[in-house]
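Survey of secondary and tertiary structure
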Amino acid sequence: MDVAPVGPAYLPGHAHADTLSFELSVSGQRVVVNGGTSRYGLGPLRLRERETAAHSTVEVAKQSSSEVWGGFRSGPPGVPF
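Here's what I pulled together on the structure shown here. What you see is a predicted model; the values in this text were computed from it and never measured. (Residues numbered from 1 in each chain as written. Predicted model: local features only at pLDDT ≥ 70, side-chain atom pairs only at ≥ 80, totals over all residues. Heavy atoms only, no water.)

Structural notes on the pattern of salt bridges
Enumeration over the complete set of coordinates arrives at one salt bridge. The shortest N-O distance in the salt bridge between Glu23 and Arg30 comes to 2.6 Å. By relative accessible area, which is 52% here, Arg30 ends up exposed. (Salt bridge = Lys/Arg side-chain N within 4 Å of Asp/Glu carboxyl O. Buried < 20%, exposed > 50% of the residue type's maximum accessible area, 1.4 Å probe, protein only.)

Encoded structure:
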């Protein structure tokens, strides 16, 4: 279960909006998997894969748990970096 900060305050670039995400295995079989991202760099697919909706957690009112922008930038909602 991910309950840590978004990432180190000095380098949150590899973070995702995956607060409270989890993975679940039952008898050695993976049931819930948090997929992460499939690529580095810029582009709509990387941004989409870093959003809360792409992780094994809950998104409330279509609001991500962290703001994700650019290829390697993220932070708490509403806090400019």
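The discussion continues.
Side note on the environment of Gly36
Looking at the secondary structure, you find Gly36 in the loop between β2 (29-32) and α1 (44-50). If we ignore the near neighbours within four places in the chain, the residues touching Gly36 are His16, Glu49 and His55. (Helix = DSSP H or I, 4+ residues; strand = E, 2+ residues; numbered from the N terminus. Contact = heavy atoms within 4.5 Å.)

What to know about unusual backbone geometry
One non-glycine residue, Leu20, lies in positive phi territory at about 65 degrees. Following the sequence through the fold, Leu20 ends up in the segment before β1 (24-26). Among the residues examined, Leu20 registers a relative accessible area of 45% and is labelled partly exposed.

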